[in-house]
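# Understanding the architecture of this molecule
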Amino acid sequence: MSTAKAESFRNITIVGAGVIGASWAALCLARGFEVTISDPAPTAESQVRSSLADIAPTLEELGMRTDDLTARLRFEADLATAVTHADVVQENGPERLEVKHQIWATIEENAPAHALFATSTSGLPATEIATVLKQPERLIVGHPFNPPHLVPLVEIVPGRLTSEETVEQACAFYSALGKKPQVLHEEVRGFVANRLQAAFFRECVHLVAEGVVTEQELDELVTSSIGPRWAVAGPFKSFHLGGGSGGFAHFLAHLAPAMEQSWKFLGNPTFDENTVELLREQADAYLGDRPIEEMAATRDQGQIALMRALGELSPAPAG
């Protein structure tokens, strides 16, 4: 267990002012940290401030204070200057290895020796990103499930050279943010949550492309069956319960063979021209007339209600 305290992480530098960066910034500010955002785009500040205004109501629903939310926020386009006093650097740059290398070489050259180095990459391994560093043991993947200010999970993925101290430091930092850190034991591309999402969505696309169900019907099927069940219990606990008094052992002995047989019939679709056109047509008919902001707000309210029911909401820090 890490001995790092929340007080160790006062100054947070967010690199990249896109959707993920703005969401990280909102959460860090609401949790009482000092935040510096570094992005060379001339519109970065206006975009972030607009995003923070949109995110604030959700933060309030989560029990966090949002008055004077931007009082501890500053912008610094020059990356070297932005990380000079950082306790944590959370990088959210483009998913291109050469760009990550440029960013992290600059960060390592200018950040304090104690700073935690974390990247929000959704697929690039820390091992590959860290090849440019003199101290690769300092870098770790801290991959949020979007949006970071709302969804609890952060996948912590060490590289081959990441130190145990860095892992502990990352767990302490994300816990201080009220997040739910999960350390992965092996460095795999796509990590875990995105791999599960990709595997599930592949079958969703297959079933719609084959005409078995429409997009709307599939969404309704998921939200009225495995969606809430797995949200409460997860797949392994659900199948343990599905095994009755014999639990998971009974499931494996009597039900798993039939499931294994069904794997042979799962689809392997591609986003070819015909499939893309079908998906677009159905999405337009199903969702096209509804404002994105309205649907997002409804989704977020449902997420908050579920988190509250499951006891997943972390209290806001005192002061």
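The structure we're discussing is the one just above.
This report concerns the structure included in the present document. Keep in mind the model is a prediction, meaning the values are calculated, not measured. (Residues numbered from 1 in each chain as written. Predicted model: local features only at pLDDT ≥ 70, side-chain atom pairs only at ≥ 80, totals over all residues. Heavy atoms only, no water.)

## What about the overall build of the protein chain?
Counting its regular elements, the protein chain contains twelve helices and eight strands. Taking the principal axes of the C-alpha coordinates as reference, the protein chain spans close to 55 × 45 × 40 Å. Contacts in the protein chain between residues at least 24 apart in sequence constitute 71% of all its contacts with a sequence separation of at least 6. Accessible surface computed for the protein chain: about 17,500 Å², of which carbon and sulfur atoms make up 56%. Taking the 24 positively charged and 42 negatively charged side chains of the protein chain as two groups, their mean positions are separated by 6 Å. (Helix = DSSP H or I, 4+ residues; strand = E, 2+ residues; numbered from the N terminus. Contact = heavy atoms within 4.5 Å. Areas by Shrake-Rupley, 256 points an atom, 1.4 Å probe, with all protein chains shown as cover. Lys, Arg positive; Asp, Glu negative; His and termini not counted. Charge placed at Lys NZ, Arg CZ, Asp CG, Glu CD.)

## So, the nonpolar core
Ile 12, Val 35, Ile 37, Phe 173, Tyr 174 and Leu 177 are the most contacted members of the largest nonpolar core, which has 38 residues in total. Ranked by residue count, the leading element in this core is helix H1 (residues 19–30), at seven residues. Core analysis: the next-biggest nonpolar cluster, separate from the first, contains 17 residues, Val 83, Ala 86, Val 89 and Trp 104 among them. (Core = buried A, V, L, I, M, F, W, Y, C linked by side-chain atoms within 4.5 Å. Buried < 20%, exposed > 50% of the residue type's maximum accessible area, 1.4 Å probe, protein only.)

## Here's the deal with the pattern of salt bridges
Here the structure, examined in full by the defined rule, presents nine salt bridges. Among the salt bridges present, the one from Glu 76 reaches Arg 74, with a minimum N-O distance of 4.0 Å. A relative accessible area of 41% places Arg 74 in the partly exposed class. The shortest N-O distance in the salt bridge between Glu 128 and Arg 189 comes to 2.6 Å. With Glu 128 in helix H5 (residues 126–129) and Arg 189 in the loop between strand E8 (180–183) and helix H7 (193–209), this pair connects stretches of sequence that are 61 residues apart. For Glu 128, a relative accessible area of 29% puts it in the partly exposed group. (Salt bridge = Lys/Arg side-chain N within 4 Å of Asp/Glu carboxyl O.)

## A look at the environment of Gly 159
Its place among the elements puts Gly 159 in the loop between strand E7 (153–158) and helix H6 (164–176). Residues Gly 159 and Ala 126, spaced 33 residues apart in sequence, show a C-alpha to C-alpha distance of 4.7 Å. If near-sequence neighbours (up to four positions away) are discounted, Gly 159 is found in contact with Ala 126, Thr 127 and Glu 187.

## As for the sheet that holds strand E6 (residues 139–144)
The eight strands lie next to each other as E3-E2-E1-E4-E5-E6-E7-E8, forming an open sheet whose pairing is mixed. Looking at strand neighbours, the two that pair on one side only are strand E3 (73–75) and E8, the edges of this open sheet. Pairs of neighbouring strands in the sheet enclose a mean axial angle of 25 degrees, with direction left out of account. With five bridges joining them, E6 and E7 adopt antiparallel strand pairing. Considered in E7, the bridge of Gly 142 is made with Ile 156. (Pairing = 2+ DSSP bridges. Axes fitted to C-alpha atoms, helices over the stretch in contact; angles between N-to-C directions.)

## As for H6
The end-to-end C-alpha separation of H6 is 18 Å, in line with the 18 Å expected for 13 residues at 1.5 Å each. Among all positions in H6, only Thr 166, Val 167, Gln 169, Ala 170, Ala 172, Phe 173 and Tyr 174 are buried. Where H6 terminates, the next one or two residues include Gly 178, which has phi positive at roughly 85 degrees. (Expected span 1.5 Å × (residues − 1).)

## A look at empty space enclosed by the protein
This model, assessed by the stated rule, comprises one cavity of 30 Å³ or more. By volume, the largest cavity is sized at about 120 Å³. Looking at the largest cavity, it is lined by 16 residues, and the ones nearest its centre are Arg 31, His 149, Leu 150, Gly 178 and Met 307. (1 Å grid on protein atoms, 1.4 Å probe; cavity = no way out; pocket = protein on both sides within 12 Å on 5 of 7 lines; lining within 4 Å. Points joined across faces, edges and corners; volume = space filled by probe spheres on them.)

## Description of the environment of Met 295
For Met 295, the position within the fold is in helix H12 (residues 292–310). With relative accessibility at 18%, the residue Met 295 sits in the buried group. In this view, Met 295 contacts Leu 287 and Arg 290; residues no more than four positions away in its chain are not counted.

## Observations regarding the pairing of strand E1 (residues 11–15)
Within E1, four of the five residues are buried, which leaves the element mostly enclosed by the surrounding structure. Relative to strand E2 (residues 34–38), E1 is paired through five bridges, and the arrangement is parallel. The residue bridging Ile 14 from the neighbouring strand is Ile 37, located in E2. Regarding the hand of the β-α-β motif, the stretch spanning E1, H1 and E2 is right-handed. As judged from the four bridges shared by E1 and strand E4 (residues 88–91), these two strands associate in the parallel manner. Note that in E4 the partner of Ile 12 across the bridge is Val 88. (Right-handed = clockwise from strand over helix to strand, strands pointing away.)

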